[in-house]
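Summary of structural features
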Amino acid sequence: MFTSLSLLIVCSVAFTQANSNNKTVLPVPFTLYYESLCPYSERFILNQLVPTYDDKDFAGLLANMDLVPYGHVYDPDFSKYKYTCQHGVPECEGNKLHGCAIKYIEDKSTLLHYFSCLINITQSVPILSYPVNECKNIVPDDKMLQISKCYNSTEGWDLFNKHGEATKNFFGSNRFYVPYVSFNRTKNENISVIGRKNFKKALCIENGVKHTTCS
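Residues numbered from 1 in each chain as written. Predicted model: local features only at pLDDT ≥ 70, side-chain atom pairs only at ≥ 80, totals over all residues. Heavy atoms only, no water.

In its Sequence similarities (unreviewed entry) section, the UniProt record describing the protein reads: "Belongs to the GILT family." (UniProt positions renumbered as here; feature names shortened; annotations may be inferred.)

Pasting the structure below:
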């Protein structure tokens, strides 16, 4: 279904953010465009996104989070489910698995820790295929069954296509890098760069809140 290429809910509930002058904050939409095997994407998820979500002072700011696993895919044929992913066949497999997990794991903490577990595996050893059968203990059995059925059917490819269309619609024909951090569903290179380096700072800027770790 693919070939190898060498490496080259909207939330309406308000919350009070710690140290935000007691202002009620509605979290702005946050979208992460990424690739499942891009080293920079993996490091961002492990070192920035997951620790930020695990911080009780910041989790609320990620209530409106959207993850788009696709990135750079060359000569896609959406109708025939044929793709060439930047980091080869395993990345297409990973993007597909991530798409299914995003659909069926509603609890964002479980989702992110599932991804963390997978990333720890892909970073530790060279892989010939994405570890789709690993880390299942993190996900409830009923959800894992849904994810497996999705991954092993055209539903997984349809979600892959959906994320491809979302990526194409957002970036157009312009060159882009991943991970790309977007707020309010808009492109802003400066805030994306800040977000990749200091995600908490970017969250504070975009949500207009103050916190001791924002600087």
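Glancing now at the side chain of Thr52. Within the secondary structure, Thr52 sits in helix H1 (residues 39-54). Accessibility expressed as a relative area gives 2% for Thr52, which makes it buried. Looking at Thr52, its side chain comes within polar contact range of the main-chain oxygen of Gln48, at 2.6 Å. Thr52 has contacts with Phe58, Ala59, Leu62, Phe199, Lys200 and Leu203, leaving out every residue within four places of it along the chain. (Helix = DSSP H or I, 4+ residues; strand = E, 2+ residues; numbered from the N terminus. Buried < 20%, exposed > 50% of the residue type's maximum accessible area, 1.4 Å probe, protein only. Polar contact = N/O pair within 3.5 Å; in protein donor to acceptor, adjacent residues only side chain to side chain. Contact = heavy atoms within 4.5 Å.)

What follows concerns the pattern of salt bridges. Evaluation of the coordinates by the stated rule reveals four salt bridges. Put simply, Lys200 and Asp55 hold a salt bridge, and the shortest N to O gap is 2.7 Å. Of this pair, Lys200 sits in helix H7 (residues 199-207) while Asp55 sits in the loop between H1 and strand S5 (65-69); the two residues are 145 residues apart in sequence, bridging distant segments of the chain. With its nearest N and O atoms 2.7 Å apart, the salt bridge here joins Lys103 to Glu155. Taken together, the residues span a long stretch of sequence, with Lys103 in helix H2 (residues 89-104) and Glu155 in helix H5 (residues 154-171) at a distance of 52 residues. Overall, the relative accessible area of 42% leaves Lys103 in the partly exposed class. (Salt bridge = Lys/Arg side-chain N within 4 Å of Asp/Glu carboxyl O.)

Two cysteines form a disulfide when their sulfur atoms are joined by a covalent bond. For the structure shown, the criterion picks out four disulfides. Across the disulfide, Cys204 is cross-linked to Cys214 (sulfur-sulfur distance 1.8 Å). Looking along the S-S bond of the Cys204-Cys214 disulfide, the torsion reads about -50 degrees, which is the left-handed sense. Here Cys204, found in helix H7, pairs with Cys214, found in the segment after H7; they are 10 residues apart in sequence, far enough to count as distant. For the pair formed by Cys204 and Cys214, the shared burial category is buried. Sequence-ordered numbering of the bonded cysteines in the protein gives a pairing of 1-2, 3-6, 4-5, 7-8. (Disulfide = S-S within 2.5 Å.)

The strand order across the open sheet built from three strands is S5-S4-S8, with neighbouring strands paired in mixed fashion. Each edge of the sheet is formed by a strand with only one pairing partner; in this case those strands are S5 and strand S8 (180-183). If you compare each strand with its neighbour and ignore which way they point, the axes differ by 15 degrees on average. By the bridge criterion, five bridges tie strand S4 (residues 30-34) to S5 in an arrangement that is parallel. Residue pairing across strands places Thr31 opposite Asp66, the latter belonging to S5. Most of the contacts of H1 go to S4, to which it runs at about 155 degrees, and overall it touches S4, S5 and S8. Lying over the sheet, H2 contacts S4 and S5, oriented at roughly 155 degrees with respect to S5. (Pairing = 2+ DSSP bridges. Axes fitted to C-alpha atoms, helices over the stretch in contact; angles between N-to-C directions.)

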